[in-house]
Amino acid sequence: MTAPASSGPNPLCDVGRTHPRDRHRMRPVEGELGVWVCDRHGLFARVEEPGKAAELERGDPMPLHDGGAGVMVRTGDERPGGVLLYYRAAG
Ligand SMILES: [Zn+2]
């Protein structure tokens, strides 16, 4: 699997996207290619293949990079190689 997923600028935090006065970017997760995190909001993002991303809906299970349980929040902008997915830890 080719993974251009980490190319491009860090994505905007999804919370910032919907609050224009609080726009901020997420930062790459150390040691994880193509995964970003916003510590302030407990939000993660990664790039998913468009076909797969289209099947995912808000609330769907989304495994975290560390093996923990996560939950889908929304899809974001298109990226080279796929679509951004925003998700957070479950619970
Ligand atoms: Zn944030």
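Anything mentioned here points back to the structure above.
Attention now moves to the overall build of the protein. Looking only at helices and strands, the protein features 2 helices and 5 strands. Its helices and strands in sequence order give the protein the pattern α-β-β-β-α-β-β, from N to C terminus. Computed over its C-alpha atoms, the radius of gyration of the protein comes to 12 Å, within 12% of the 12 Å expected for a compact globule of 91 residues. Taken along the three principal axes of its C-alpha coordinates, the protein extends 35 × 30 × 25 Å. Across the 91 residues of the protein, 24% fall into the buried class.

A few words on the pairing of strand β2 (residues 35–38). Where strand β1 (residues 27–28) and β2 come together, 2 bridges link them in antiparallel fashion. Note that in β2 the partner of Pro 28 across the bridge is Trp 36. Taking the residues between adjacent antiparallel strands as the criterion, β1 and β2 are bridged by 6 residues, where Gly 31 takes a positive phi near 80 degrees. Looking at chain direction, β2 and strand β3 (residues 43–48) are connected through 4 bridges and run antiparallel.

Right, let's get into the environment of Gly 42. Secondary-structure assignment places Gly 42 in the loop between β2 and β3. Overall, the presence of 10 C-beta atoms within 10 Å leaves Gly 42 in the exposed class. For the pair Gly 42 and Arg 88, spaced 46 residues apart in sequence, the C-alpha separation works out to 6.2 Å.

Our focus in this paragraph is the nonpolar core. Where a protein is soluble and globular, its nonpolar side chains tend to be buried together. Counting 15 residues, the largest nonpolar core has Met 26, Leu 43, Phe 44, Ala 45, Tyr 86 and Tyr 87 as the members making the most contacts within it. Only β2, β3 and β5 (82–89) provide two or more residues apiece to this core. Other than its neighbours up to four places away in sequence, Met 26 contacts Asn 10, Pro 11, Cys 13, Trp 36, Val 37, Cys 38 and Ala 45.

This paragraph deals with the sheet that holds strand β4 (residues 70–79). The 5 strands lie next to each other as β1-β2-β3-β5-β4, forming an open sheet whose pairing is antiparallel. Among the strands making up the open sheet, the edge pair consists of β1 and β4. Pairing of β3 with β5, which is carried by 6 bridges, proceeds in the antiparallel orientation. Residue pairing across strands places Phe 44 opposite Tyr 87, the latter belonging to β5.

Let us look at the environment of Val 35. The topology assignment puts Val 35 in strand β2. On the basis of neighbour counts, which here come to 19 C-beta atoms within 10 Å, the residue Val 35 falls in the partly exposed class. Val 35 sits 11 residues away from Arg 46 along the chain, and the two C-alpha atoms are 4.7 Å apart. Contact partners of Val 35, with chain neighbours within four places excluded, come to Val 29, Phe 44, Arg 46 and His 65.

So, how was this worked out
- Residues numbered from 1 in each chain as written.
- Predicted model: local features only at pLDDT ≥ 70, side-chain atom pairs only at ≥ 80, totals over all residues.
- Helix = DSSP H or I, 4+ residues; strand = E, 2+ residues; numbered from the N terminus.
- Rg over C-alpha atoms; globule rule 2.2 N^0.38 Å.
- Buried ≥ 20, exposed ≤ 12 C-beta atoms within 10 Å, placed from the backbone.
- Pairing = 2+ DSSP bridges.
- Core = buried A, V, L, I, M, F, W, Y, C linked by C-beta atoms within 7 Å.
- Contact = placed C-beta atoms within 7 Å.

In short, the description is geometric, and any link to function would need to be established separately.
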